[in-house]
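Read off the chains here:
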Amino acid sequence: MSEDNYFMCASCGIAEVDDVQLKKCADCDLVKYCSEKCQREHKLQHKEACKKRAAELRDELLFKVPESSHVGECPICMMPLPLDLSKSITKVCCSITICDGCNYANHKREFEERRDRPTCPFCRKPAPRKGTGELEKCSRDRIEANDPVATVQEGDEHVKRGDFSRAIEYYTKAAELGDADAHYGLAFMYRNGHVVEKDMGKVIHHLEEAAISGHPTARYDLGCEEWNDGNAERAMRHFIIAANLGHDDSMKMLMAAYRGGLVSKEELAAALRAHHAAVDATKSPQRDAGEERYLRASDEMKQKCEEMYPWICNYSRGVHEDVGVLSWLLENGQNCPNCAVRVERISGCFHMTCPTCATHFCYECGQEIFYSFYGTYLCLEEQEMFEQFQ
């Protein structure tokens, strides 16, 4: 449609003037109408173009890279929250999610001040006590105030009890409030047919709504669905966006896709850098302090910590082991010329393949090896010397 026609009713042709206000088609931005009657009369003529443009607009929204993941930032340190929910805590009193680093710093401060009762590090209200009904009251108050986070948590509790009917009610309410986790919960319900009939159309709809809000796992699931439907290009776009948000499984899928020739080396390298940046942005000395304190704690304290937080033992041990491996690699390894990941050589020739981005390079000089040199035991520097004597 020309620019002049855009300011005219698509059905009757009346121009938009002071006393005539035109309204856009609700599904696309191609045409305008002066009345609902004109829109109904023009519906059949406009239907095909409207449907095509609506799909284009949906894709523009769906594949727009979100500024951050759906978990957002810690409101105290203003750093991105990790995607691993076990490394943050949502306070019942205010439904605010706080990173473990800030929560640990608050506990440390209150301990030093000899506080009789812990308080929320965000709203400063006294922490609800178990067994007194305070936790349940706080949750009810937040749900009545239309708090989507508290509503989703209540839905999660009903899922654990097997009460899927009530869970769907809470998820639906939270989804209407725009919560990404609620949309993901509804996708789970419709995929597995809990109480409701299985409906892949609704599964895709709720996954898309969650992905648009920055939910990387929902976007990963969308990528898998597109892959299963034979839409490899759309699947890779989903995986790239999710990897940019720090999603590990999406990064693994991109590496596999690169080996299959579905992703270019430049695309993989860009995604890998963005993934590393997203993960590194969630790290801080304060967030590591809790795990470091655990490593130095007595056996009795460790046992209490493991009972409260079962994940902390394996996480802390992994951090400790990773530090040792990293130190060895920094001293003895060689950098991949493409992604800069440190690589160890155990035996054999100097021809290496990076386990992260699959780049072929020489371990001795660190230069990339191209196809013409595959199968040789010679470094590129030695290759040049060899050619001089031929």
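Residues numbered from 1 in each chain as written. Predicted model: local features only at pLDDT ≥ 70, side-chain atom pairs only at ≥ 80, totals over all residues. Heavy atoms only, no water.

> How should I be thinking about helix 6 (residues 164-176) in this particular structure?
Each α-helix winds once per 3.6 residues, and so residues spaced three or four apart point in a common direction. For helix 6, which comprises 13 residues, the first-to-last C-alpha distance of 18 Å matches the rise-based estimate of 18 Å (1.5 Å per residue) to within 8%. Among all positions of helix 6, only F164, A167, I168, Y170, Y171, A174 and A175 are buried. In a view along the axis of helix 6, the buried residues occupy a sector of 170°, so they form one face of it. Buried residues belonging to helix 6 abut helix 4 (134-144), helix 5 (148-161) and helix 7 (180-192). Just downstream of helix 6 lies G178, where phi reads positive at about 90°. (Helix = DSSP H or I, 4+ residues; strand = E, 2+ residues; numbered from the N terminus. Expected span 1.5 Å × (residues − 1). Buried < 20%, exposed > 50% of the residue type's maximum accessible area, 1.4 Å probe, protein only. Arc of directions from axis to C-beta. Contact = heavy atoms within 4.5 Å.)

> Help me out: how do you make sense of the nonpolar core in this one?
Within soluble globular proteins, side chains that are nonpolar tend to cluster in buried spots. Core analysis: the largest hydrophobic core is formed by 22 residues, its most contacted members being M236, F239, M251, L254, V263, L268 and F361. Going through the elements one at a time, helix 10 (232-244), helix 11 (248-259) and helix 12 (265-280) are the ones with two or more residues in this core. If we skip the residues at most four places from it in the chain, V263 touches M236, L254, A257, Y258 and L268. In terms of nonpolar packing, the next biggest core, distinct from the first, is built from 12 residues, L62, F63, A180 and A210 among them. (Core = buried A, V, L, I, M, F, W, Y, C linked by side-chain atoms within 4.5 Å.)

> Where do I start with unusual backbone geometry in this structure?
Glycine aside, residues mostly have negative phi, and peptide bonds are mostly found in the trans state. The phi dihedral of R124 is positive, around 65°, even though this residue is not glycine. Locating R124 in the fold gives a position in the loop between helix 3 (100-112) and helix 4. Here N146, not a glycine, exhibits a phi torsion of approximately 60°, which is positive. Mapped onto the elements of the fold, N146 is located in the loop between helix 4 and helix 5.

> Help me understand helix 7, please; the structure alone is not making it clear to me.
In this model helix 7 runs 19 Å from its N-terminal to its C-terminal C-alpha over 13 residues, within 8% of the 18 Å that 1.5 Å per residue would give. Along helix 7, the residues classified as buried are A180, A182, H183, G185, L186, A187, M189 and Y190. Turning to helix 7, the residues buried within the fold contact helix 5, helix 6 and helix 8 (200-212). Residue G193 follows helix 7 closely and has a positive phi angle near 70°.

> Would you mind going over the pattern of salt bridges with me for this structure?
Proximity of charged atoms lets side chains of opposite charge pair with each other. Applying the stated criterion across every chain yields a total of 13 salt bridges. Between E209 and R58 there is a salt bridge; the shortest N-O distance is 3.0 Å. Pair noted here: E209 is in helix 8 and R58 is in helix 2 (residues 43-62), with a separation of 151 residues, a long-range link. Accessibility expressed as a relative area gives 21% for E209, which makes it partly exposed. On the accessibility criterion, R58 (24% relative accessible area) is partly exposed. The salt bridge involving D141 is made with K137; its shortest N-O contact spans 3.0 Å. Of this pair, D141 and K137 are both found in helix 4, 4 residues apart, which corresponds to roughly one turn of the helix. Among the residues examined, D141 registers a relative accessible area of 35% and is labelled partly exposed. (Salt bridge = Lys/Arg side-chain N within 4 Å of Asp/Glu carboxyl O.)

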